[in-house]
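For reference, the chains in residue letters:
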Amino acid sequence: MRLIAAIVALTLVAIGAGALAGLHLFAAAERVADAKKTATPPPLASSYAGSARLRKLSPIVTNLAAPANNWARIEASMVTESMSDEDAGILAAHISEDIVTYLRSATVTQFEGSRGLQHLRDDLTERASIRSSGKVRELIIETLVIQ
């Protein structure tokens, strides 16, 4: 009989200890959840200064060099320094002309794969930077369709 009483007493102690540990863990989890709700996320670091502005170019459609029946449509934006809207419009027109000239001299095989797309992006960014005397920091290709 003593053995059964000892087992019952130990069982009750284990149940009590488990309940206290569970309540403690539950309270700690609530504190962590509340801390996450009130915490503000760190600001995203931008690689551009406050004067940088994103300007959308009009969609460009042109044929490619080879094969002659393939066409390309590209939509892009340029990241520029702060400049007047009139100057930015003129610059965008010149950059669009450069893109057309570049695409007309390119073949479909130059754009195959991720490496080809990266080379296209780098070449167009370099051309835009040269055309703008460094006022264009980057040319962002939004869409490129070749058919």
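Structure shown above.
A brief structural summary. (Residues numbered from 1 in each chain as written. Predicted model: local features only at pLDDT ≥ 70, side-chain atom pairs only at ≥ 80, totals over all residues. Heavy atoms only, no water.)

## Focus on the overall build of the chain
Thought 1: For the chain, the count of helices and strands is three helices and four strands.
Thought 2: The helix and strand sequence of the chain, counted from the amino end, reads α-β-β-β-α-α-β.
Thought 3: Here the chain has a C-alpha radius of gyration of 31 Å; the compact-globule value for 147 residues is 15 Å, and the former is much larger.
Thought 4: Pairs at least 24 residues apart make up 70% of the contacts formed inside the chain by residues separated by at least 6 positions.
Thought 5: If you sum the accessible surface of the chain, you get close to 10,100 Å²; carbon and sulfur atoms cover 62% of it.
Thought 6: Charged side chains of the chain number 15 positive and 15 negative; the gap between the two group centres comes to 9 Å. (Helix = DSSP H or I, 4+ residues; strand = E, 2+ residues; numbered from the N terminus. Rg over C-alpha atoms; globule rule 2.2 N^0.38 Å. Contact = heavy atoms within 4.5 Å. Areas by Shrake-Rupley, 256 points an atom, 1.4 Å probe, with all protein chains shown as cover. Lys, Arg positive; Asp, Glu negative; His and termini not counted. Charge placed at Lys NZ, Arg CZ, Asp CG, Glu CD.)

## With respect to helix 3 (residues 113–131)
Thought 1: In this model, helix 3 (19 residues) spans 27 Å end to end at C-alpha, consistent with the 27 Å of a helix rising 1.5 Å per residue.
Thought 2: Restricting attention to buried positions, one finds in helix 3 the residues G116, L120, L124, T125 and A128. For helix 3, the angular spread of the buried residues around the axis is 165°, confining them to a single face. Counted as exposed and oriented over 90 degrees from the buried face of helix 3: S114, R115 and I130.
Thought 3: Where helix 3 is buried, its residues touch strand 3 (71–80), helix 2 (85–104) and strand 4 (136–146).
Thought 4: In the segment just after helix 3, S133 is the residue with positive phi, at about 55°. (Expected span 1.5 Å × (residues − 1). Buried < 20%, exposed > 50% of the residue type's maximum accessible area, 1.4 Å probe, protein only. Arc of directions from axis to C-beta.)

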